[in-house]
Structure formats: structure tokens, C-alpha cells
Amino acid sequence: MDSSKWICLALACMVSGMLFSLTFSFGAVFVEMMNTYQADRSTAATVQSLLIGVSLSFGVISGVLINKFGLSKTTFVSSLLVPLGFAMSYFVTDIYHLYITIGVIAGIGISLSHVSAVISVSRIFADNEKQRVICATIHSTWGSIAGIIYPYFLKWLVKSYGLSGTFLILGGVYCNTFCFFVFLWQQHRSGTLSDRSQKRRKAENASQVSSLYMEARSIFETLKLLISIPFLCLIIGNGLTLASLNGYLEHAFDIAEWKGYRESETKELFVILNCLNVLATITPGLVKCRFDVHPFIFLILSSLAGCVGHMLIYASTNYLTYAVASGCVGLVSGGIFSGSIIFIMETMQKEQVSVAIGSMLTVNGLLSAGSGQLFGRGCPLPKKGDSGLCSNYRGITLLSVPAKIFNRVILEQLKGPVDKKLRDQQAGFRKDRSCTDQIATLRIIIEQSIEWNSPLYINFVDYEKAIDSLDREMLWKLLRHYGVPQKVCKN
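Source: prediction; values computed, not measured.

Within the chain one finds 20 helices and two strands. Counting every position in the chain, which comprises 491 residues, the buried fraction comes to 45%. Across the chain, contacts joining residues at least 24 apart in sequence account for 76% of those joining residues at least 6 apart. Of the roughly 26300 Å² of accessible surface on the chain, a fraction of 64% belongs to carbon and sulfur atoms.

Following this line, the structure appears as C-alpha cells:
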């Protein structure tokens, strides 16, 4: 019995390390997806957004399926879906097909496998509360440890076998999760991991006239336990915090490249992030067993670290500051997820843990699913000349609704001070003025020149790539000179 416990923990760590950590490391192939499928940043980021969103948002369904059919059956389905999704990606020729193969098929399989791994650890150590907390923390930590290796592993695969070959190899590697199903199936037959509540419900259903009534009653009782103020605060705060983290992870390599860091430095930043993630994941379990601290303390401290990390990412001007920011972001994921699992195990009944964890993952997924498109969708538009040359295109961003609202707020702050400083001849983008008036004025001048037979010279100036050639530092100074509030034009 004791040996089967530790075998279960080892296999659960292997499954979560192989599968769940991939969702947060998939950004390592972000640039390769853009180049291979000739896709823009937003389209490529949506693949990981869907992978994270589906694998998390399917969590509540995974919990219900585990309660309904058992751990062994759901793990069997997951061991088929994940390899199938990546194997199908080998034949993909359009990036939008990856939305289905990786985002949906593999995402559902990852959700089933991860929730099954968490619940199996929770159930097999149910007779020892201290071991249960420690082992749940160790299991959560293993995903972060695998996240340290994944960026290097994925980059090596892409460099050696190409993007399509990488997907095929990953599909083969993930076939190894089938051994977790074999172990759970054997434990199920021996009765070690059988769910008592499931057996009780079957006995009650057999003695009742209507099994549908008992099923509806069971669902109602589960929802009643989950709808409590502490749990609602937990899943909403958890979802908002981890959604912002996932949005950063999707673009981490792109942001580092934009700030001018080399690819090797970017990988080092990912290692720093995951190392701090490991530390933050294992700390709540150890501190809880030693000092009996309330899990919400870890959630609050982790959230504060995340706020500091995201501000430093924006304000960083050197590699050291950016590395510190990455470490703070790593503290968020580990501390919040581990603390949330401990809180659920302490406050929920044992038969409700699977649905509670699934509900938490679902909220995380729903809030994370749109993070790839949050700041808009970039679209290249042909401007002139040969359409085969990238220099003949201009980029335009189709903003999301939150970004449009934010831009409107900034525009209203700029209008008043700037409009007072502009000359009367300036007509474009001004209230109660129109370029039509300027065109009419120019036409009158031309007609009078022709009538009086007088020379007329008109000079048209078209600056090439005018927006890209602006000096940003001088632009901030001009805005401050025009009287724009400091909080709006602060660089």
C-alpha cells in the first residue's frame, strides 16, 4: 500500500510535468509558428491562448467526469487525446487548424490528465492529512520544474526537426502517459482509489424510483457547497491574477525580443521564472505543516509579488531589473496555485474536491482564453508597389473593446490642451473642422489663379514611414510643453 502511494505520486508528477507545464512553455515556439505559417503575432498567440484556456476551462467538466466515471476511464481518454492532437498537428498546413488539434483536442486531454493527477494524489493520501498537503505541494511543484527544461527542449526539437517534426515527436512522447492509466486501473480494481461517494450514490439510485432525481439532487448539493463567499473570492481572484500571468507568458519571448535581449538571455529569464515558481509552489505546503498558516496569506503575498513583477517588466531598462521582474512573476503562479489547492483541500468535503478544483481551473481558463487577443489583432495592409515586398505594407491594429475604451480615455485627455496650441490652418482630426473646408479653400485659390493668370506653386510633402520615424522622446516633451497632464504623457 505504501509503495503504491509513492508510485502514484511519481506518475502524477510525471503526467503534470509532461503535459500541464507545456501549456505555459508553449511560447517557446511562438516565433517558429509565425515564420512557418506566415502568421501575425496575435494569430500565433491565440494557439497558446486556446491551449491554456481549454485545458483550464474544461476543469469543472473534468471534475464531474471523474466523479461520474472514475479516474481510470478519464485518464484513458486523456492518454488518447493528447498524443492524437499533437500527431494530427504534424499534417497541418494552416495555423488555424492548430486551434483545433492543439488548442481543443490536446487541451481537453491535458485538462483531464491534470485534474486526474491532482485528485489521485488527494485520494491516495487521504488517510494522512499532513502527507496529503505535502504531496499535493510536491505535485504542483513538478510542473514548474519541467517548465525550466521545456524551453530548451522545444527549441532543440524545432532546430533539429522543424516545427511539424516537433509536434510529431511530442505526440509520441505523450503516449507514455498511458502508463498512468494502467496504474490507476489496477488501483481501481483493487479498490484503493475507488470513490466512496460514487458507490453510495449508486446504492441510493438503485433503491429510488427515479435515478434522474437523485442525480439532480447530487449536483444541487455540490453547487450549494461551492457557492460560498470564500470560495467565490478564491476562484475570481485566482482567475484574474493567473489570467494576467498567462497573458505575459504567451508573449514572454516576444516582449524580451522587443526589449532587445538575445534568445539565450530570454531562455535564462524563463529559467529564473520557473525556479522562483518552484520555490513559491513548495513553500505554502511546508509552512502550512510547520506553522499552520491560513492559505489566504500565501495568496495575498503572491498577488503583491505579481503586481510588482508586472510593473517592473514595463519599467525595466536593463537585464537585471527584467530578471527580477521575471522572478516576481514566477512567485505568482506557484504561490497562488499551491495555496489554492491547500485551501480547497481544507475547506471542501473529500468527494467535492474534484469539482472544486475543476471549477477553479475553469474560471482560470475562461479568463485566460482571450489573453492572446486582448490588446488587438495586427493586420498588414498593402500600401503600394509590389505586394511581395514586406516594406510595401503598413500595419494596422484592430483593437479589442477594452483597448478601444482605454484609447478613448487617453484621447479625451489629450484633446483639450493640444487643440489650443494648434494653428488655425490645421484641420485634420479636430472638432468642428474638416479637411473638406481646406480642399474648398485650395480649389478657390486655384480658380482665382487661373482667372487672373497668375503663377501658383503648390508643394505636397509625403513623408515615407512618418509614424515610424518619429522621435518618441521628443514627442513626450512636446506633449508636456502643450500642457498635457503629466500622468498621461509620463514615459
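The discussion continues.
On to the packing of helix H7 (residues 129-173) against helix H15 (residues 319-347). Running from amino to carboxyl end, H7 crosses H15 at an angle of 150 degrees, the nearest separation of the two axes being 10 Å. Compared by their axis directions, H7 and H15 come out roughly antiparallel. Considering the relative orientation of H7 and H15, their crossing is right-handed. Side by side, H7 and H15 meet where Arg 132, Val 133, Ala 136, Thr 137 and Ser 140 of the first sit next to Phe 337, Ser 338, Ile 341, Ile 342 and Met 345 of the second.

What follows concerns unusual backbone geometry. Here the phi dihedral of Asn 453 falls at roughly 55 degrees; this positive angle occurs in a residue that is not glycine. Here Asn 453 is to be found in the loop between helix H18 (435-451) and helix H19 (472-481).

Let us now look at the packing of aromatic side chains. A complete count under the given rule lists twelve aromatic pairs for this structure. Plain terms: the ring middles of Tyr 90 and Phe 91 are 5.1 Å apart, the flat faces sit at 85 degrees to each other, and that makes the pair edge-to-face. Residue Tyr 90 is classed as partly exposed on the basis of its relative accessible area of 36%. Residue Phe 91 is classed as exposed on the basis of its relative accessible area, which comes to 63%. When the ring of Trp 156 is compared with that of Tyr 161, the centres are 6.0 Å apart and the planes differ by 85 degrees; the resulting orientation is edge-to-face.

What follows concerns the pattern of salt bridges. Evaluation of the coordinates by the stated rule reveals two salt bridges. One salt bridge connects Lys 155 with Glu 32, and the closest N-O pair in it is separated by 3.5 Å. Of the two residues, Lys 155 sits in helix H7 while Glu 32 sits in helix H2 (residues 30-37), which places them 123 residues apart along the sequence. Classification of Glu 32 as buried rests on a relative accessible area of 18%. Glu 447 is paired through a salt bridge with Arg 443; the nearest N and O atoms lie 3.4 Å apart. In this pair, Glu 447 and Arg 443 both sit in helix H18, four residues apart, roughly one turn of the helix. According to the relative accessible area criterion, Glu 447 is partly exposed, its value standing at 43%. Taking the relative accessible area as the measure of exposure, Arg 443 reaches 57% and is therefore exposed.

Summing up the model confidence of the chain, the mean pLDDT is 77 and the portion of residues at 70 or higher is 80%. Looking over the chain, one finds the lowest element-wise mean pLDDT in helix H9 (residues 196-207), namely 46, and the highest in helix H5 (residues 71-89), namely 91. A low-confidence stretch, residues 195-210 stays under pLDDT 50, and its non-local contacts, those more than four residues away or across chains, total 16 contacts.

Before going further, it helps to spend a moment on the environment of Leu 367. Tracing the chain through its elements places Leu 367 in helix H16 (residues 353-368). Sequence separation between Leu 367 and Gly 239 is 128 residues; the distance between their C-alpha atoms is 6.3 Å. Excluding residues within four positions of it along the chain, Leu 367 makes contact with Gly 239, Leu 240 and Ala 243.

So, on to a nonpolar patch on the surface. A contiguous nonpolar surface patch, about 640 Å² in accessible area, is contributed by Leu 442, Ile 445, Ile 446, Ile 450, Leu 456, Ile 458 and Phe 460. By secondary structure assignment, the location of Ile 450 is in helix H18. A relative accessible area of 64% places Ile 450 in the exposed class.

Parameters and conventions
- Residues numbered from 1 in each chain as written.
- Predicted model: local features only at pLDDT ≥ 70, side-chain atom pairs only at ≥ 80, totals over all residues.
- Heavy atoms only, no water.
- Helix = DSSP H or I, 4+ residues; strand = E, 2+ residues; numbered from the N terminus.
- Buried < 20%, exposed > 50% of the residue type's maximum accessible area, 1.4 Å probe, protein only.
- Contact = heavy atoms within 4.5 Å.
- Areas by Shrake-Rupley, 256 points an atom, 1.4 Å probe, with all protein chains shown as cover.
- Axes fitted to C-alpha atoms, helices over the stretch in contact; angles between N-to-C directions.
- Parallel < 35°, antiparallel > 145°, perpendicular 65-115°, else oblique.
- Left-handed = near helix turned anticlockwise from the far one by under 90°.
- Phe/Tyr/Trp six-rings, centres within 6.5 Å; stacked < 30°, edge-to-face > 60°.
- Salt bridge = Lys/Arg side-chain N within 4 Å of Asp/Glu carboxyl O.
- pLDDT = per-residue confidence, 0-100.
- Patch = residues over 30% accessible without salt bridge, like charges linked within 9 Å, V, L, I, M, F, W, Y side chains within 5 Å.

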